[in-house]
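Working through the structure, step by step
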Amino acid sequence: MFGYVVFLDGVYDVLCALCMLNVLWLPVISPRLASIFCRPVDPMTMRCLAYWTLTNGLVRCSVRRDNLVGYTYAIEAMSCIVEGYAGNIARGQAVFVMCVSCALCYGSWSKSR
């Protein structure tokens, strides 16, 4: 069951990345992505974020080595807290993503032992 949650989160990450790269426009995802940031985002920064999100999504969809998946969640949690604290993304959303990422990170690491 946990593997399905991680897989679906990976699919969501891939879709988000494609929306950030303007390859797709999904009414459920695209407007929400624009509301995450508190400041205007440089196009190159958005592209780098999109490729990082795409990489995380592909790892979560395809890799069965749970430690690697756990690390992607740990890095995502840390980056959201840093960016939320810096005021670049909405703090409420940063805390939410951090909590979910920490839970999935813990689940990934506890499953691999």
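Anyway, here's the lowdown on the structure attached to this text. (Residues numbered from 1 in each chain as written. Predicted model: local features only at pLDDT ≥ 70, side-chain atom pairs only at ≥ 80, totals over all residues. Heavy atoms only, no water.)

**Quick look at the overall build of the protein chain**
In terms of regular secondary structure, the protein chain is built from 5 helices and 0 strands. When the helices and strands of the protein chain are read in sequence order from the N terminus, they spell out α-α-α-α-α. Relative to the compact-globule value of 13 Å for 113 residues, the protein chain shows a C-alpha radius of gyration of 14 Å, a close match. Dimensions of the protein chain, computed from C-alpha atoms along their principal axes, come out at roughly 40 × 30 × 20 Å. When each of the 113 residues of the protein chain is scored for burial, the buried share is 33%. Pairs at least 24 residues apart make up 65% of the contacts formed inside the protein chain by residues separated by at least 6 positions. Surface accessibility of the protein chain: about 7100 Å² in total, with carbon and sulfur atoms responsible for 70%. (Helix = DSSP H or I, 4+ residues; strand = E, 2+ residues; numbered from the N terminus. Rg over C-alpha atoms; globule rule 2.2 N^0.38 Å. Buried < 20%, exposed > 50% of the residue type's maximum accessible area, 1.4 Å probe, protein only. Contact = heavy atoms within 4.5 Å. Areas by Shrake-Rupley, 256 points an atom, 1.4 Å probe, with all protein chains shown as cover.)

**Brief notes about helix 1 (residues 2–20)**
A rise of 1.5 Å per residue sets the reference length of helix 1, with its 19 residues, at 27 Å; its end C-alpha atoms lie 27 Å apart and thus fit the reference within 8%. Three or more residues of helix 1 are buried, namely Val 6, Gly 10, Asp 13, Val 14, Cys 16, Ala 17, Cys 19 and Met 20. (Expected span 1.5 Å × (residues − 1).)

**With respect to unusual backbone geometry**
Phi angles above zero are rare outside glycine, and Asn 22 is one such case at about 60°. Asn 22 sits in the exposed class, given a relative accessible area of 69%.

**Quick look at the packing of aromatic side chains**
Under the criterion given, the structure shown has 1 aromatic pair. Centroid distance Tyr 71 to Trp 109: 5.2 Å. Interplanar angle 70°. Geometry classified as edge-to-face. Remark: Trp 109 occurs in helix 5 (residues 91–111) and Tyr 71 occurs in helix 4 (residues 66–86); sequence separation between them is 38 residues. Owing to a relative accessible area of 25%, Trp 109 belongs among the partly exposed residues under this scheme. The cationic tip of Arg 60 hangs over the ring face of Tyr 73; the distance from NZ or CZ to the ring centre is 3.8 Å. (Phe/Tyr/Trp six-rings, centres within 6.5 Å; stacked < 30°, edge-to-face > 60°. Lys NZ or Arg CZ within 6 Å of the ring centre and 35° of its normal.)

**So, the environment of Val 100**
Structurally, Val 100 can be placed in helix 5. Given a relative accessible area of 37%, Val 100 falls into the partly exposed group. Residues Val 100 and Tyr 51, spaced 49 residues apart in sequence, show a C-alpha to C-alpha distance of 21 Å.

**Quick word on a nonpolar patch on the surface**
A surface patch of nonpolar side chains, amounting to about 420 Å² of accessible area, comprises Trp 52, Tyr 71, Ile 75 and Met 78. Here the nonpolar patch takes 3 residues from helix 4, the largest share from any one element. (Patch = residues over 30% accessible without salt bridge, like charges linked within 9 Å, V, L, I, M, F, W, Y side chains within 5 Å. Salt bridge = Lys/Arg side-chain N within 4 Å of Asp/Glu carboxyl O.)

Limitation: the analysis is restricted to geometry and does not speak to function.
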